[in-house]
Amino acid sequence: MKGGSTTFKVTQGTGNSYKISFQKDNNNNYTGEPQAYDFTKFITITDKDGNNVAWSNVEKNTTIIYKSGTTEVQGNPIDAGKYSVTVTIAADKDNGYIESSATGSGVFEIVAIKATVSKWPEASVIAKGMPLSQSDLTNGVANVKGQFKWVKEDFIPTTSGEQTYDVIFEPAEEYANNYTSVTKEDGISVIVSDLQIVAFAQPAEGTIEVSKNGTTIKTGTPIIDGDKLTITITPKTDWEVTSIKVNGQSCSFSQSNGKYVASYEVGEVSTAIEATFSAKVTPGNFRVTIPDTNDIRGAIISNGGEHVVAQGGSLSFTVSTLAADADKVRVTAGGRTLSRGTNGRYTLSNVQANTTVSVSLSNPTEIEVDVPRTYLNKKDYHIGSVEIESDDDEFYYGDVITLIAFPESGVSFDKWSDGNKEQIRELTLTEDVALKAVFSGTPTGIEDIESARISTGHGFIQIKNVANADLTIVSIAGRIQTQQRISGDVQIRVPQGVYVVVLESDGNVQRTKVIVR
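The rules we used
- Residues numbered from 1 in each chain as written.
- Predicted model: local features only at pLDDT ≥ 70, side-chain atom pairs only at ≥ 80, totals over all residues.
- Heavy atoms only, no water.
- Helix = DSSP H or I, 4+ residues; strand = E, 2+ residues; numbered from the N terminus.
- Rg over C-alpha atoms; globule rule 2.2 N^0.38 Å.
- Buried < 20%, exposed > 50% of the residue type's maximum accessible area, 1.4 Å probe, protein only.
- Contact = heavy atoms within 4.5 Å.
- Pairing = 2+ DSSP bridges.
- Phe/Tyr/Trp six-rings, centres within 6.5 Å; stacked < 30°, edge-to-face > 60°.
- Axes fitted to C-alpha atoms, helices over the stretch in contact; angles between N-to-C directions.
- Core = buried A, V, L, I, M, F, W, Y, C linked by side-chain atoms within 4.5 Å.

Draft legend 1. Expanded view of the overall build of the chain. Along the backbone of the chain there are two helices and 51 strands. Taken over C-alpha atoms, the radius of gyration comes to 31 Å for the chain, far larger than the 24 Å a tight globule of 517 residues would show. In terms of overall dimensions, the chain has a C-alpha envelope of 110 × 65 × 40 Å along the principal axes. A total of 517 residues make up the chain; the buried ones form 43% of that total. Long-range contacts, defined as pairs at least 24 residues apart, comprise 60% of the intrachain contacts of the chain with a sequence gap of at least 6.

Draft legend 2. View of the environment of F439. Within the element layout of this structure, F439 appears in strand β44 (residues 437–441). Along the sequence, F439 and Y179 sit 260 residues apart, while their C-alpha atoms lie 43 Å from each other. Apart from the residues within four sequence positions on either side, F439 is in contact with Y375, I383, G384, S385, A405, F406, P407, V411, S412, F413 and D414.

Draft legend 3. Representation of the sheet that holds strand β32 (residues 315–320) within the structure. Spatial ordering of the open sheet is given by β30-β32-β35, a layout of three strands whose pairing is antiparallel. Strand pairing shows two members of the sheet lacking a second neighbour, β30 (300–301) and β35 (345–348), which therefore form its edges. Pairing between β32 and β35: four bridges, direction antiparallel. Its bridge partner lying in β35, L315 is registered against L348.

Draft legend 4. Expanded view of the pairing of strand β23 (residues 228–235). Pairing geometry for strand β21 (residues 206–212) and β23, over seven bridges, is antiparallel. Following the sheet pairing, S211 is matched in β23 by T230. Here β23 pairs with strand β27 (residues 259–265) via six bridges, running antiparallel. Across the sheet, T230 pairs through a bridge with S263, a residue of β27.

Draft legend 5. Quick look at the packing of aromatic side chains. In total, this model carries 18 aromatic pairs according to the counting rule given. Note on F39 and W55: the rings are 5.1 Å apart at their centroids and 10° apart in plane angle, and the pair reads as stacked. Residue F39 is located in helix α1 (residues 39–42), and its partner W55 is located in helix α2 (residues 55–58); the two are separated by 16 residues in the primary sequence. Plain terms: the ring middles of Y375 and F439 are 5.4 Å apart, the flat faces sit at 65° to each other, and that makes the pair edge-to-face. Taken as a pair, Y375 in strand β38 (residues 374–376) and F439 in strand β44 lie far apart in primary sequence, 64 residues in all. Under the relative-accessibility criterion, F439 is labelled buried at 12%.

Draft legend 6. Quick look at the sheet that holds β27. A sheet is described by the order of its strands in space; here five strands give the open sequence β22-β21-β23-β27-β26, paired in antiparallel fashion. Two strands close off the open sheet at either side, each with one partner strand: β22 (215–217) and β26 (254–256). When the angles between neighbouring strand axes are averaged without regard to direction, this sheet yields 30°.

Draft legend 7. Structural context of the nonpolar core. Ranked by size, the top nonpolar core spans 47 residues in total, and within it F22, Y37, F39, V85, V87 and W150 carry the most contacts. Residues L322, I401, V411 and A437 belong to the second largest nonpolar core, which totals 22 residues.

Draft legend 8. Here's a closer look at the environment of D292. The topology assignment puts D292 in the loop between β29 (285–290) and β30. Each C-alpha atom of the pair D292 and E306 lies 9.9 Å from the other, and the pair is 14 residues apart in sequence. When sequence neighbours within four positions are dropped, the list of residues in contact with D292 reads I301, G304 and G305.

Draft legend 9. Looking closely at unusual backbone geometry. Its identity is not glycine, yet D238 carries a phi of approximately 75°, on the positive side. With respect to the helices and strands, D238 occurs in the loop between β23 and β24 (239–246). A positive phi angle, close to 50°, is found at N247, a residue other than glycine. Along the chain, the position of N247 falls in the loop between β24 and β25 (249–251).

This is the structure in structure tokens:
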């Protein structure tokens, strides 16, 4: 394939001119060393009569210039990206050739490579009901600076014990253009505890230090009702603390000598501590805001949030979509449109002011989620069901859904059709999904109380339309939460978890499994 255009400028001599044609050279991986467009393979030079001219005949009279966008590269390119190549062959007075110049647009490309992890991190203990983001990932080693993160940071384990979840390494901003992230697909183990503990993960923008009754403690330390915690946040340069939260609720704090301090008295539940930060702009720096994934439907945006960028500096981020939607993405910043690079990467260069990046995607392609909701055995007895929790009934790239398998009484949930054994399973959609729940066992002969309506909310189970019935609520671990006679509508407060709601009336029994968040 040929590309580029040719312009001519007469400086001396008259007669023959050169025509310079380009082919794409896009098979080069980032090495950290300067790389050159291979003229012997990807350039063709002909004279005005269409006769080929050997590169060796003009090499000594040739000047080569690379540009990334509108910026000229000093020497040969090093960083990943697409480059235009301008070739100028000086006039050859003795042989009657005039000066010739041509530019191939985007014909030379250096491709980013995956970062290398030599040691994956260890995960700190969290309490049941806490999101994975509260488990600190430490002692990981990679070949470039960056951050280890849980792939599903917001996922909340509802059972205790040792569990495994995927972890990703994301290169730091200064390496993000040349190195792509890498995921440990077989996951890292984390202990989910039934004990009452304090948990906090160290943020990228600073450090969190916690003391209990005056003694510094580590994340995962057991705590009891009445313990007094002092939380000290020390932000890194160019950052400041905007909030300190305990179990999702903001608490007041004081600021002194660059440190932010809050106090908290422990109650009867585990304590999750986190801090939010904002970029502090100093002279010579600017604030660049990248939208979060939640701000756009059908895409996943990396590196979202506020960033501090030095004047004239650059910032990179990725916008991932289905292949069918890649050309629909529009990214603008400061009145200019950013071009899509390798692996959906966009780079805002030569920052000269506070800037907010805008990302839009028109008419995203829907993802198909093929998961049967009702399951029958060979005798057509109902043995289980699956509930899909999502924002709505449409599914797009980047959406997070939760699958919950509910076996009938006497039946057990075994696994999903792909081998996963999590009864409550969270998925981030990046492709069409086809899954089935696998149940085993024989259902007991029970009859439904047809009028009863059972629903859940944050911290409660609600039963409606019951005339007279005996109610029993049992946790998935077998602990009875309540037993009472009910009539009419009732609401029962319970902790987060999975429960079996049993209604008995006149010999009829209804058993329903529910999840409370």
